[in-house]
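# Observations on chain architecture
For reference, the chains in residue letters:
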Amino acid sequence: MNNTDKIYNLAAPGVQQLIPYIPGKPIEELERELGLTRIIKLASNENPLGPGKKALEAIQAALPQLTLYPDGNGFNLKQALSRQYAIEMSQITLGNGSNEILELVARAFLMPGLEAIFSQHAFAVYPIVTQAVGATAVVVPALNYGHDLDTMLQRVTDKTRVVFIANPNNPTGTLLSQASVESFISALPESCVCVLDEAYFEFVRTVESVNSIDWLKKHPNLIVTRTFSKAYGLAGLRVGYGLSSPQMADILNRVRQPFNNNALALVAAEAALTDFEHLKNTITVNTQGMQQLTDGFKDLGLEWIESAGNFVLVDVKQPGQPLYEALLRKGVIVRPVGNYELPNHLRISIGTKEENQVFLQALTEVLAGNV
Ligand SMILES: *Cc1c(COP(=O)(O)O)cnc(C)c1O
């Protein structure tokens, strides 16, 4: 270790061991690296239609105000959310993406000596926020690629302070029934915070899956997180939220930065929330695209994991990383998931009809050895 590297020893122990999150490759980066021009990105579960018109208009209208700090309490957005979900504004925590809510939970509730439970193949941010604050991650083996709620419950001890559940789960797309989630939360000790991460809830088509918010009244230790990054097409602006008891929101608010949501994010999210037309189109494109992709997989003799989200995990029956790289050379960015202990799968975000077509063509070629 040379002299400048010694600074690593100063970092908190959890941070020294931390492996950073690997994001989907940005289009510009691939352009720079390969000099390609026609690139499609189906790697980060963004909305292929982009933001809705209402959100774009709200952004345009807010531009002249950018010299001012945003509303640190996000009054207008909270009011819109409170109307939409029939909850109190005091139950809402706004985040710089729902990722920030996950981090606020870790900072507010976890510390060395305490444990957070989550599933194998669950969202990569859970281990990061847990480890960053020096708490211990308890990873429960997946059941059919999804959460094994019974075993997760068995792993709860008096050291367990947080449980993370993603429903639908990313990257596997698996969906737990609302009934099973509800009985899990009811069985969880109140000393344990339950984070129910519903980043993809707008895409869920089963009728029963819309009432997690009803559980908040009974469970002050529950927080439901959602985002404008996926179905609403605003990933670049970074805005998400948590719904919880007012007490939980109060705790998270204490560790939140005063202006964590920028002014454009606040107005765009507020406008997006009532752009039902755009949401409807988004769902339609997703449903059709899912069919198109899975039909394509079937033709190629590939199996996939049934997904309730806007992405699908396909089993490529060989190491996914080289296939991912071959696809990159054809200008198609997807997501390898070896870091999720799924080395033979690739995660594909659902794109437009044309994007899905280009991807399937490229996949056919690389599987045929035409790289
Ligand atoms: C995308 C995603 C999020 C949050 O993304 P933000 O852009 O930070 O809102 C949270 N959880 C899961 C499971 C996700 O896939």
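The text that follows walks through the structure, step by step, so that each part is easy to find. (Residues numbered from 1 in each chain as written. Predicted model: local features only at pLDDT ≥ 70, side-chain atom pairs only at ≥ 80, totals over all residues. Heavy atoms only, no water.)

### Re the packing of aromatic side chains
- Per the stated rule, a full pass over the model turns up twelve aromatic pairs.
- Look at phenylalanine 123 and tyrosine 126: their rings are 5.7 Å apart centre to centre, the planes differ by 80°, and that puts the pair in the edge-to-face class.
- Note on tyrosine 200 and phenylalanine 311: the rings are 4.9 Å apart at their centroids and 65° apart in plane angle, and the pair reads as edge-to-face. A residue pair is termed long-range when its members are at least 10 positions apart, and tyrosine 200 in the loop between β6 (193-197) and β7 (222-227) and phenylalanine 311 in strand β10 (residues 311-315) qualify at 111 residues.
- The side chain of arginine 226 reaches across the aromatic face of tyrosine 85, ending 5.1 Å from its centre.
- Just above the ring of phenylalanine 311 sits the side chain of arginine 347; from NZ or CZ to the centre is 5.8 Å. (Phe/Tyr/Trp six-rings, centres within 6.5 Å; stacked < 30°, edge-to-face > 60°. Helix = DSSP H or I, 4+ residues; strand = E, 2+ residues; numbered from the N terminus. Lys NZ or Arg CZ within 6 Å of the ring centre and 35° of its normal.)

### Let's talk about the sheet that holds strand β2 (residues 92-95)
- The seven strands are arranged β2-β8-β7-β6-β5-β3-β4 in an open sheet whose pairing can be described as mixed. Bordering the open sheet on either side are β2 and β4 (136-140), each of which pairs with just one other strand. Neighbour-to-neighbour, the strand axes of the sheet open up by a mean angle of 20°, direction not taken into account.
- Examined bridge by bridge, strand β3 (residues 115-119) and β4 share five bridges and lie parallel to one another. Looking at β4, one finds that serine 119 is bridged to valine 140.
- On the sheet, helix α6 (residues 125-132) packs against β3, β4, β5 (160-166) and β6 and is oriented at approximately 160° with respect to β5. (Pairing = 2+ DSSP bridges. Axes fitted to C-alpha atoms, helices over the stretch in contact; angles between N-to-C directions. Contact = heavy atoms within 4.5 Å.)

### What about the sheet that holds β10?
- Reading across the sheet, the four strands line up as β9-β10-β13-β12 and stay open at both edges, with antiparallel pairing between neighbours. Strand pairing shows two members of the sheet lacking a second neighbour, β9 (303-305) and β12 (335-336), which therefore form its edges.
- Across five bridges, β10 lies against strand β13 (residues 345-349) in antiparallel orientation. Bridge pairing in β13 links valine 312 to isoleucine 348.
- Along the sheet face, helix α12 (residues 320-329) touches β12 and β13 and points at about 40° away from the line of β13.

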